[in-house]
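# Inside the fold
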Amino acid sequence: MTAFRCSAKSLAALAPSAEGPAGERLGLAIAEHLRVTSRVNPSAAERRSWARSLLLLARDLLEAGLDDVEMLVEYQLPLTSKRVDVVLAGVNRRTGEDAYVVVELKQWGKAVLFEDDPQLVMVNGAPLKPMLHPLLQVRGYCEYITDFVGFPGNDRDALHGVVYLHNASDSDIKGLYELAQDEQTRLFSATTRKDFIEYLRDRFAPAPGGGAGRRFLASDARPSKQLFDLAASELRELEQYVLLAEQRLGYELVMHSVDEALGKTFTENKKTIIIVTGGPGSGKSAIGLSLLGELSRQGRSVLHATGSRSFTESLRRVVGKGSSSVKSLFKYNNSFVGTEQNGIDVLICDEAHRIRETSMNRYTPARLRTDRAQIDELIDVARVPVFLLDEHQAVRPGEIGTVEEIRNHAIFKGVHVHLVRLDAQFRHGGSRKYETWVSRLLGLDGGNAPELWTGDDRFTVQAARSPYELEGLLRGKLDDGCSARMTAGFCWPWSDPGSDETLVPDVVIGEWARPWNVKGDRAVGNAPASALWATMDGGFEQVGCVYTAQGFEYDWNGVIIGPDLVARNGRLVTVRRASRDPAMTRGVTDAQADRLIRNTYKVLLTRGMVGTAIYAVDPETQRFLTGLIEGHHPRVGGV
């Protein structure tokens with residue numbers, strides 16, 4: 001876990017003034033720290049805001065007589081790329097134990113509740129869109145830290161949180177106080193600055209906080225709740241998952257829209273669409289399952305839908321053990337042909353990038369056949385449709401789920417849309433660096449060249465010299481108690497089981513050969529059914545494809561890059577003819593095939609929580625990747 005560390009006294013000395021060279025020096029010092037530790041490049045506006053807000057906070061600590069309280073600035077939450085403004089670390093005035101306060105600094109001058117909703121606010125001078133109430137934001141941070149940082153004796157009282165609107169008077173934010181405060185989270189303004197100083201004096205002893213700061217940053221992060229544990233707890237154990245910042249904003253916008261829509265008469269047809277977009281591991285599915293659990297408990301009619309059979313069936317298995325009613329909450333995108341308009345309150349469409357042009361297939365009864373767009377069906381069926389998507393995960397021809405496409409249909413229908421963009425990272429150890437590395441490697445980052453992998457303490461990347469080495473590395477992780485799976489690009493045939501009911505080892509590389517995962521719903525020997533390959537015992541013995549891996553995560557991720565993606569002249573290029581995916585053969589342009597192949601490997605390379613190992617079949621590609629990962633490639637960008 002990382003943060004820019006200094007005492008209140010040191011920070012005040014570093015920047016006696018927020019303006020001019022002193023303020024610029026402070027901003028540059030923090031920015032350089034973030035560039036080195038987190039590969040973040042803060043804007044000039046962000047650097048200026050640090051100088052103004054942090055200096056005010058440091059001066060308040062000095063006035064409270066707490067010169068040596070440690071300030072952990074831009075603290076990165078464990079297992080995510082999300083950062084907290086400041087964590088104050090010191091000594092509890094009463095007990096002598098370590099004490100911490102999360103501080104969310106806001107430079108707002110005026111803010112009001114959004115349509116009288118105590119969870120959402122509108123900020124004067126900011127873009128005209130609702131924002132999450134800052135008290136909910138800081139509460140989420142505190143709950144998340146408590147879940148992932150081991151405090152001595154599991155003392156939940158060790159951590160408190162405050163929101164400090166140091167530019168606002170009480171009269172300009174009076175509506176924000178309607179959200180009840182408690183002992184764990186408080187809100188202060190410029191009007192109540194003296195109360196804030198007294199709060200700090202009451203919380204901390206006038207003693208050095210360096211030790212508390214070091215122990216806090218050195219704490220072992222406990223493993224994140226993975227997706228299916230979350231589903232089980234949401235719908236069976238009724239435990240609330242901690243949603244952070246933009247995640248919580250998306251959640252609250254949905255809840256607000258539900259209250260708004262269901263407060264209207266049916267004829268008014270008040271409808272709002274919520275679109276949440278973010279990359280792999282940004283927490284989209286966590287929002288969806290949290291909403292599903294809470295809305296179910298409130299007695300709302302709510303359904304969860306995806307275009308992924310593997311994802312839906314695994315959710316049904318994990319969440320719906322012994323409960324057919326819970327299983328029935330999970331549908332497919334094509335389940336709503338001919339359904340009643342506004343027949344349910346909320347539809348949560350996860351993996352919405354997999355929306356297709358229509359819901360028709362060869363099994364659709366003749367009486368239901370129509371050329372109606374699937375997006376229209378999904379919008380019309382619910383009073384509040386929710387779309388969770390990543391535009392870079394469309395991997396099959398005909399998948400059209402994009403922000404623009406959904407918006408266009410909404411505009412035609414006269415339906416309002418809220419868009420929430422997630423920028424946090426919960427997969428691959430919270431490593432934003434790895435996410436960027438993969439995007440540049442695959443040519444999905446605006447034309448930037450691939451770059452060397454220079455390492456990240458949060459995530460491991462390895463090059464395997466052979467499929468034997470790749471499998472052996474992953475099996476060792478499996479033996480150590482980790483979850484592990486191996487996947488490959490779709491470059492080999494995929495046979496039905498043989499006459500002896502065994503899987504055919506279709507993925508052949510030299511003398512090494514392994515079968516693909518099972519095609520259908522029925523297990524074959526010890527190999528689980530297709531939809532359960534990523535989550536059930538026995539799945540490690542087969543090679544997974546993108547259709548069974550998408551939507552899942554495991555600790556260790558092994559990827560075989562097939563001959564459909566090769567390195568030439570310092571970049572990866574696609575070779576369409578090497579793909580064995582039947583979806584690629586007809587009705588797909590070369591440009592579409594290029595995008596789908598790159599998106600496929602984006603999915604495969606971003607399944608890991610702890611590490612990824614990569615092997616490429618093409619020798620030149622293998623040398624290229626090994627050079628990038630082990631740091632000795634002469635022809636890459638960023639070096």
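Please refer to the structure placed before this passage.
In what follows, the accompanying structure is described. Predicted, not measured: the structure shown is a model, and the values here were computed from it.

## Brief notes about the packing of aromatic side chains
- Throughout the structure, instances matching the rule amount to 15 aromatic pairs.
- Ring geometry for W437 and W453: centres 5.9 Å apart, planes at 70°, overall edge-to-face. Taken together, the positions of W437 in helix 14 (residues 432–441) and W453 in the loop between helix 14 and strand 16 (460–463) put the pair 16 residues apart, joining distant regions of the chain.
- Given the relative accessible area of 1%, W437 is considered buried.
- These aromatic residues form a ring-pair network of at least three members: Y164, F188, F196 and Y199.
- For the cation-ring pair, K433 lies above W453, with the distance from its terminal atom to the ring centre recorded as 5.5 Å.
- Directly above the ring of W533 sits R485, whose terminal nitrogen or CZ lies 5.8 Å from the centroid.

## Some details on the pairing of strand 14 (residues 382–389)
- Counting buried positions over the 8 residues of strand 14 gives 8, a clear majority of the element.
- The sheet contact formed by strand 10 (residues 272–277) and strand 14 spans 4 bridges and is parallel. In the sheet register, I275 faces strand 14, and the bridge partner there is F387.
- Relative to strand 14, strand 13 (residues 344–349) runs parallel, the two being bridged by 5 bridges.

## Some points on the pattern of salt bridges
- Across all of its chains, the model carries 32 salt bridges by this definition.
- Of the charged contacts, one joins D590 and R576 as a salt bridge, the two residues approaching to 2.8 Å between their closest N and O atoms. Note that D590 is positioned in helix 17 (residues 590–605) and R576 in the loop between strand 23 (571–574) and helix 17, a separation of 14 residues in sequence.
- Residue D590 is classed as exposed on the basis of its relative accessible area of 59%.
- Classification of R576 by relative accessible area gives partly exposed; the value is 25%.
- In this structure, a network of salt bridges that share partners links the residues R372, D376, D380 and K413.

## Here we look at the sheet that holds strand 4 (residues 98–106)
- Taking strand neighbours across the sheet as the criterion, the 6 strands line up as 1-2-3-4-8-9 in an open arrangement whose pairing is mixed. Both edges of this open sheet fall to strand 1 (4–7) and strand 9 (185–189), since each of them pairs with a single strand only. Along the sheet, successive strands turn relative to each other by an average axial angle of 25°, direction set aside.
- Bridging between strand 2 (residues 70–76) and strand 3 (residues 83–91) involves 6 bridges; their strand directions are antiparallel. If you follow Y75 over to strand 3, its bridge partner there is V84.
- Sitting on the sheet, helix 3 (residues 44–63) is in contact with strand 2, strand 3, strand 4 and strand 8 (159–165), with an inclination near 150° to strand 2.
- Strand contacts of helix 5 (residues 193–203): strand 3, strand 4, strand 8 and strand 9, with the helix running at about 165° to strand 8, the strand carrying the most contacts.

Basis of the calculations
Every residue gets a number counted from 1 within its own chain, in the order that chain's sequence is written. Two thresholds apply to this predicted model, a pLDDT of at least 70 for residue-level local features and 80 or more for giving and counting side-chain atom pairs, whereas whole-chain, interface and lining totals are computed over all residues. Heavy atoms throughout the structure, all of them, feed into the side-chain values; hydrogens and water do not. By convention, a stacked pair of Phe, Tyr or Trp rings (six-membered ring in the case of Trp) has centres within 6.5 Å and planes under 30 degrees apart, an edge-to-face pair has planes over 60 apart, and any other such pair is tilted. Numbering of helices and strands runs from the N terminus, with a helix taken as a DSSP run of H or I at least four residues long and a strand as a DSSP run of E at least two residues long. Categorising residues by exposure relies on relative accessible area from a 1.4 Å probe, with only protein chains included: less than 20% of the type maximum marks a residue as buried, more than 50% marks it as exposed, and the intermediate range marks it as partly exposed. Only Lys NZ and Arg CZ are tested; either one counts as a charge over a ring when it is within 6 Å of the ring centre and within 35 degrees of the ring normal. For two strands to count as paired, DSSP must find a minimum of two bridges between them. We define a salt bridge as a side-chain nitrogen of Lys or Arg found within 4 Å of a carboxyl oxygen belonging to Asp or Glu. Whenever a helix is involved, its axis is fitted only over the stretch in contact; in every case the axis is a line through C-alpha atoms, and angles between N-to-C directions fall within 0 to 180 degrees. In this analysis, two residues are considered to be in contact whenever any of their non-hydrogen atoms come within 4.5 Å of each other.

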